[in-house]
There are 2 protein chains.
Amino acid sequence: MNGAQALMKTLVDAGIEVCFSNPGTSEMHFVAALDDEPKMRAVLALFEGVATGAADGYARMADKPAATLLHLGCGLGNGLANLHNARKGKVPVVNIVGDHATVHVKYDAQLQSDIETVARNVSPGFVRTSQSTAELCKDAVEAITTARGLPGQVATLILPADVSWGEGGIPCAVPAQAESPAADDGAIQSVLDAIRSGKKTALLLGGRALREPALIAAAKIAAATGVKLLAETFPTRMERGQGLPPVERIAYLAELASVQLAEIDNLILVDSKAPVSFFAYPGKKSYLVPDDCTVYTLSRPDQDARTSLAKLADALGADKAQPEIQQLQRPSAPRGRLTAPKVCKAVGHYLPENAIIIDEAITSGLMLNAMTAAAPRHDMITLTGGAIGQGLPNAVGAAIACPERPVIALIGDGTAMYTIQALWTMAREQLNVTSIIFNNASYSVLNIELERVGAEEAGAKAKSQLDLNWPVLNFAQLAQGMGVHGVRVDTAEAFNHALEYALSHPGPHLIEAMVPESLSGLKRKILPWVLRSLPSLPASVTRTLKNRIAP
Amino acid sequence: MNGAQALMKTLVDAGIEVCFSNPGTSEMHFVAALDDEPKMRAVLALFEGVATGAADGYARMADKPAATLLHLGCGLGNGLANLHNARKGKVPVVNIVGDHATVHVKYDAQLQSDIETVARNVSPGFVRTSQSTAELCKDAVEAITTARGLPGQVATLILPADVSWGEGGIPCAVPAQAESPAADDGAIQSVLDAIRSGKKTALLLGGRALREPALIAAAKIAAATGVKLLAETFPTRMERGQGLPPVERIAYLAELASVQLAEIDNLILVDSKAPVSFFAYPGKKSYLVPDDCTVYTLSRPDQDARTSLAKLADALGADKAQPEIQQLQRPSAPRGRLTAPKVCKAVGHYLPENAIIIDEAITSGLMLNAMTAAAPRHDMITLTGGAIGQGLPNAVGAAIACPERPVIALIGDGTAMYTIQALWTMAREQLNVTSIIFNNASYSVLNIELERVGAEEAGAKAKSQLDLNWPVLNFAQLAQGMGVHGVRVDTAEAFNHALEYALSHPGPHLIEAMVPESLSGLKRKILPWVLRSLPSLPASVTRTLKNRIAP
């Protein structure tokens, strides 16, 4: 048995049954070993960022890692952005990077580069170049153990070609995962005191605290004590909709987030971190927690959020409380000229049971949360690391993890182009993914950001760096060029029809939503709509918000 | 003047007048500063690999660096593969990577990652995070000086947002570039002795030794002494064709390269390195120089190849020799069903004066060298670092460096998909680029490599990882979706027509050449053709080659 065959067996025995790959010559023995393991499914991507983003999306939904297969330092480089998103989302990935044979390294051939140095950016917990066929599977066990612990990590195993092709590989068993501890009594007590202080308190739920059992425990605490439930800005995976409690996500725009946090005295972190702004802005604070707010930690990412919340509910005597649960509520179907909010409305209107929503529509998806809050039960996956180009690959992985569930990916036009090659893998694997691309012919968020950083007096050259308006991309054609059924629509009626069609026909679909929304339109129309959609905010806060954002 | 404005002025004053960009929020002040410098041209890319590959292609043709503008560690990751190609090709690039404001770093926001650690992979000579607005331009001077010295390097300047927006920027002048030394007398003498030994000697020309003055000097030496002229396998930029001497490139396949080198006793390196195989193969040597061959170095990459060769010619009394110069010779126009060699033949037949050929068609382009050897004078750019996805971005950069010259990029289908977004930039900038995509629905080279690494018994799952045959990509549609005129052809006549049309109409064109060439077809048809096209090889060598490669 060669190294590659032993590694394949070690992976499969540990439950790693999907490998998202973009191989080259140095990975040919690993590729050849695929046929020795019927349980291993190999999914080919045309670009490494698709493979790594798919591994990320898969693990978010399967709750176990997939493997990747990348080609030396350059393949890893191409896959880095989506591994970054996985790292920030605490998602387990077993990242396998082929390397030159150990005896070949000294010749500094064309593809030679320092792979480990690149890998450290995304794999601080485990980077290793396996040195011998005999030791390979022991290295793999450490990689797998590191990856799937709590918090999940990206573990990078570098696999030299001769370690892979050498004979004498020995498959290894991976020990069962240790149970993660709950919050200790000291943490429970201080949180208890904070909640009982009578001050305005919020639980900020993140990571694993956004899954059903944790959400129900949190909602019981809210029902018993009046604490507010907040969710982190970019959840790795959030269970939402009918039958689950309402939870308000912290906004991406720091101006909005500050308002959401303005009246909180005690902020209790549950598998989350204290909110900071996405970027720094001249003269503005990065740390968004108000000066007079005290931050507590109920449970850290290496602790079990669900049992921690259950323990807290128990200590509060809240375990018998009736949690607020959302009843099914859908917006009506939109009509007339298509706009970005109407697309979100249609998604809320038509959302099937048990869907997976991928949200990577930074400005155009502003209404998505409101429009789907009480839609049929679903999961939502968001851009955890801010490296755009996550959504389409995530959709590939999510659809492979959950073949029976419809996946709907809402993606901005600029964003879609980073990893557009994902469409081909959707076609090849005939995945049930409906990709909705908002074509507003602009890096719309950057037009907002240009103003926010104080560079609003920018001239024509600067503004042209944010425009995608010539030539206007045609995503329906791009989809067809990769074997995906694609349509372009510019009315709400046509969008509704396309969405119904896509959801009722298996395989991948792409709907290109033409939404020529100007920045002034965004400010004039969408932000007030956001304000109207947040009736849970106190009137004083809504007033502040209106003055700050949409005067 | 803020930091960004001062940096912009420092760049322009140093002759850096093009910036290939894919900016985000942290780069908005740099973007805003574009309007302060009329001399700076900003070229937007939809993906960072396009920006870095364009900077690489630009510098190869302009002989001076462009700047890039990338967004934090993830943007750098996306751009890494083509920076690797630039590094291996010794191409100068001033790589500017925006970062969070220095005061924001401690909050570990979504996009926070260790940028320097990634940058070291491609910028061993210069990576620096600028710490203050006042010092920024001094850092830039070091970056520029490092990048454009001999050998050229990728220098990475990391630009925190607050260093960019801070007031008090001071533009700096970049000192004139020092002249690079020629080979010293000791090196000349030992090479002289080797040539005069009467043994079979070859000059292996690489880097700057593949430009006209150096080539002419080498050809004079060849004429006077009978030494053979070889070129490195993947030249950064090679001047070729009518009016220049014939030079035989070392083959990509180690089996072929070994044969080319088999009868050489003395190998003299001129801005090149001793040939090694691209990958290692079980039981095969990586180092391709025969055991009984002695390697000499005339000039290193940090020395001036042209003056070194002139000095050698002088010492040999060869400066008055008549170099062998190629007369114009074109293949006839191909006819009938389209194949990859026929595409190469058509390129040779129609090649306009002064073209730039980008060669990234690894198997399909096998005949390109032979078919264009004595075509009208042109430059050829090749895949220096082996990280595929270089060609289309290189074409963008080359066309911007040389707007009056036609650019013809020959690209494999698998390869094209890594950086297909380059087509949009070609359309936006209306570049005179004809992209020829060989659609054989396969990672064809990997089918060869699978066999070469001894994994030829691979099963169906393994082989499916190398097939792009379902769905078959439609590159003409992909081009149209990005605003580029695209056609798909499957006969030689249609290809000829499309190529003539493309070369006579300004702006970008894409020709999708349907070449369903099977691996057996490749072995049966193309390799024998290669053999027939290498008449300069001694008969004994050709025999060996036939036995090894195409039995």
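Residues numbered from 1 in each chain as written. Chains lettered and ligands numbered in written order. Predicted model: local features only at pLDDT ≥ 70, side-chain atom pairs only at ≥ 80, totals over all residues. Heavy atoms only, no water.

Description of the interface of chain B and chain A
It is common to report an interface's size as the accessible area lost on association of the parts. Contact residues are listed per partner, giving 101 residues for chain B and 100 residues for chain A. When the two sides are added together, the surface that chain B and chain A hide from each other amounts to roughly 8,200 Å², 61% of it contributed by carbon and sulfur. Three residues stand out in chain B for area buried against chain A, namely Gln110, Lys461 and Gln465 of chain B, and they jointly supply 10% of the buried area on that side. Along the contact surface separating chain B from chain A lie two salt bridges. Across the pair Lys88 of chain A and Asp108 of chain B runs a salt bridge whose closest N-O atoms are separated by 2.7 Å. Listed by contribution, the elements that provide at least two residues to the side of chain B that touches chain A are α2 (28-33), β2 (41-44), α4 (72-88), α5 (115-119), α16 (422-428), α17 (444-452), α18 (460-464) and α19 (475-481) of chain B. (Contact = heavy atoms within 4.5 Å. Buried area = accessible area lost by both parts, 1.4 Å probe. Salt bridge = Lys/Arg side-chain N within 4 Å of Asp/Glu carboxyl O. Helix = DSSP H or I, 4+ residues; strand = E, 2+ residues; numbered from the N terminus.)

Here's the deal with the nonpolar core
Of all hydrophobic cores here, the largest spans 230 residues; its most connected members are Phe20 and Phe30 of chain A together with Phe20, Phe30 and Ile420 of chain B. Apart from residues lying up to four places away in sequence, Phe20 of chain B is in contact with Val43, Ala51, Ala54, Ala55, Tyr58, Ala66, Ala67, Thr68, Leu69, Val396, Gly397 and Ile400 of chain B. (Core = buried A, V, L, I, M, F, W, Y, C linked by side-chain atoms within 4.5 Å. Buried < 20%, exposed > 50% of the residue type's maximum accessible area, 1.4 Å probe, protein only.)

Remarks on the relation of the copies chain B and chain A
For these two chains of identical sequence, chain B goes onto chain A by a turn of 180 degrees and a shift of 0.0 Å along the axis, with RMSD 0.0 Å. The operation mapping one copy onto its partner corresponds to a two-fold rotation axis. Counting the interface residues of chain B, we find that 99% of their copies in chain A are interface residues as well, pointing to one common contact surface. (Least-squares fit on C-alpha atoms with pLDDT ≥ 70 in both.)

Overview of the UniProt feature "domain: Thiamine pyrophosphate enzyme N-terminal TPP-binding" (unreviewed entry) in chain A
Within this numbering scheme, the UniProt entry marks residues 1-111 of chain A as carrying the feature "domain: Thiamine pyrophosphate enzyme N-terminal TPP-binding" (unreviewed entry). The span residues 1-111 of chain A is 44% helix and 18% strand, and its two end C-alpha atoms sit 28 Å from each other. (UniProt positions renumbered as here; feature names shortened; annotations may be inferred.)

Looking at the domain arrangement of chain A
All names here are of chain A. The assigned domain composition of chain A is domain 1 (3-165), domain 2 (185-315), domain 3 (340-517) and domain 4 (520-551). Using only C-alpha atoms to locate each centre, domain 1 and domain 2 end up separated by 35 Å. Contact with domain 1, which involves eight residues of that partner, is made by nine residues of domain 2. Across the domain 1/domain 2 interface, buried area totals approximately 760 Å², and carbon plus sulfur atoms make up 52% of it. Looking at the side of domain 1 facing domain 2, the largest losses of area belong to Arg60, Asp63 and Leu150, adding up to 62% of the total buried there. A salt bridge links Asp63 to Arg211; the nearest nitrogen and oxygen atoms lie 2.9 Å apart. Our count for the contact surface shared by domain 1 and domain 2 stands at five residue pairs in polar contact (both at pLDDT 80 or more). Here the side of domain 1 that touches domain 2 is composed, by residue class, of four nonpolar, one polar and three charged. (Domains from an automatic or database assignment. Polar contact = N/O pair within 3.5 Å; in protein donor to acceptor, adjacent residues only side chain to side chain. Nonpolar A, V, L, I, M, F, W, Y, C, P; charged D, E, K, R; others polar.)

Remarks on the side chain of His378 of chain B
Residue and element names in this part refer to chain B. Relative to the helices and strands, His378 resides in strand β14 (residues 378-382). Among the residues examined, His378 registers a relative accessible area of 0% and is labelled buried. Here Pro376 takes part through its backbone oxygen, which lies 2.9 Å from a polar atom of the side chain of His378.

Remarks on empty space enclosed by the protein
Under the definition given, this model contains seven cavities of 30 Å³ or more. There is about 460 Å³ of room inside the largest cavity. Around the largest cavity, the lining is made up of 36 residues, and of these Ile362, Ile388, Thr415, Val445 and Leu446 of chain A lie nearest the centre. Those elements that place two or more of their residues in the lining of the largest cavity are α15 (413-416) and α17 (444-452) of chain A together with α4 of chain B. Of the residues in the lining of the largest cavity, the class split is 18 nonpolar, 15 polar and three charged. Estimated volume of the second largest cavity: approximately 80 Å³. Per-element tally for the lining of the second largest cavity: the top contributor is helix α7 (residues 161-165) of chain B, with three residues. (1 Å grid on protein atoms, 1.4 Å probe; cavity = no way out; pocket = protein on both sides within 12 Å on 5 of 7 lines; lining within 4 Å. Points joined across faces, edges and corners; volume = space filled by probe spheres on them.)

Quick notes on the sheet that holds strand β4 (residues 93-99) of chain B
All names here are of chain B. Ordered by their spatial adjacency, six strands build an open sheet running β2-β1-β3-β4-β6-β5, and the pairing between neighbours is parallel. Since the sheet does not close on itself, it has two edges, and those belong to β2 and β5 (127-129), each with one partner. Averaged over all adjacent pairs, the angle separating strand axes in this sheet is 20 degrees, with direction ignored. One ladder, built from four bridges, connects strand β1 (residues 18-21) with β2; its direction is parallel. From the neighbouring strand, Val18 faces β2, where its bridge partner is Arg41. This element, helix α6 (residues 133-148), spans β4, β5 and β6 (154-160) of the sheet and lies at about 165 degrees to β6. (Pairing = 2+ DSSP bridges. Axes fitted to C-alpha atoms, helices over the stretch in contact; angles between N-to-C directions.)

A short note on the packing of aromatic side chains
Within this structure, the stated rule accounts for 15 aromatic pairs over all chains. Pairing Phe234 of chain A with Phe278 of chain A gives two aromatic rings, centres 5.7 Å apart and planes at 65 degrees, and the pair type is edge-to-face. Of this pair, Phe234 of chain A sits in the loop between β8 (228-231) and β9 (238-240) while Phe278 of chain A sits in the loop between β11 (266-270) and β12 (294-299), placing them 44 residues apart in sequence. An identical accessibility class is assigned to Phe234 of chain A and Phe278 of chain A; each is buried. Measuring from centroid to centroid gives 5.1 Å for Tyr252 of chain B and Phe278 of chain B, while their planes differ by 65 degrees, and the two rings are edge-to-face. Residue Tyr252 of chain B is located in the loop between β10 (248-249) and α10 (254-261), and its partner Phe278 of chain B is located in the loop between β11 (266-270) and β12 (294-299); the two are separated by 26 residues in the primary sequence. One aromatic cluster is present, formed by Phe47 and Tyr418 of chain A together with Phe47 and Tyr418 of chain B through successive ring pairs. (Phe/Tyr/Trp six-rings, centres within 6.5 Å; stacked < 30°, edge-to-face > 60°.)

Observations regarding the pattern of salt bridges
Residue and element names in this part refer to chain A. This structure, assessed with the given rule, holds 48 salt bridges over all chains. Two residues, Arg237 and Asp379, come together in a salt bridge whose shortest N-O distance is 2.6 Å. Of this pair, Arg237 sits in the loop between β8 and β9 while Asp379 is found in strand β14 (residues 378-382), placing the two residues 142 residues apart along the sequence. Here Arg237 matches Asp379 in class, with each residue buried.

Focus: the pairing of β8 of chain A
Residues and elements named next belong to chain A. A two-sided burial pattern is seen for β8, the buried positions comprising Lys228 and Leu230 on one face and Leu229 and Ala231 on the other. One ladder, built from four bridges, connects strand β7 (residues 201-205) with β8; its direction is parallel. Bridge pairing links Leu203 to Leu229 in β8. Summarising the sheet, β8 and strand β10 (residues 248-249) pair through two bridges and their orientation is parallel. Bridge pairing links Leu230 to Glu248 in β10.

Brief notes about the packing of helix α4 (residues 72-88) of chain A against α4 of chain B
When two helices pack together, their arrangement is given by the angle between the helix axes and by the axis-to-axis distance. Packing of α4 of chain A against α4 of chain B brings their axes to within 8 Å, and their N-to-C directions diverge by 165 degrees. Taken together, α4 of chain A and α4 of chain B sit at an angle that is classed as roughly antiparallel. By crossing handedness, the relation of α4 of chain A to α4 of chain B is classed as left-handed. On the side of α4 of chain A, the interface is formed by Gly73, Cys74, Gly77, Asn78, Leu80, Ala81 and His84 of chain A, while α4 of chain B contributes Gly73, Cys74, Gly77, Asn78, Leu80, Ala81 and His84 of chain B. Grouping the amino acids of the contact of α4 of chain A with α4 of chain B by side-chain chemistry returns six nonpolar, eight polar and no charged. (Parallel < 35°, antiparallel > 145°, perpendicular 65-115°, else oblique. Left-handed = near helix turned anticlockwise from the far one by under 90°.)

What to know about the side chain of Asn78 of chain B
Tracing the sequence through the fold places Asn78 of chain B in helix α4. Asn78 of chain B gets classed as buried once you look at its relative accessible area, which sits at 5%. In contact with Asn78 of chain B, other than residues within four places in its own chain, are Gly77, Asn78, Ala81 and Tyr418 of chain A together with Phe47, Glu48 and Gly49 of chain B.

Section: the sheet that holds strand β2 (residues 41-44) of chain A
All names here are of chain A. Pairing within the open sheet is parallel, and its six strands lie in the order β2-β1-β3-β4-β6-β5. Each having just a single partner strand, β2 and β5 (127-129) make up the two edges of the open sheet. Strand after strand, the sheet turns through a mean of 20 degrees between neighbouring axes, direction not considered. Two strands pair when backbone bridges link them, and strand β1 (residues 18-21) and strand β3 (residues 67-71) are joined in this way by three bridges, in the parallel orientation. The residue of β3 that forms the bridge with Ser21 is Leu69.

A word on unusual backbone geometry
The peptide bond linking Leu150 of chain A to Pro151 of chain A adopts the cis configuration, its omega dihedral lying at 0 degrees. With respect to the helices and strands, the residue Pro151 of chain A is situated in the loop between α6 (133-148) and β6 (154-160). Following Trp470 of chain B, the chain continues into Pro471 of chain B via a peptide bond in cis, with omega recorded as -10 degrees. Mapped onto the elements of the fold, Pro471 of chain B is located in the loop between α18 and α19.

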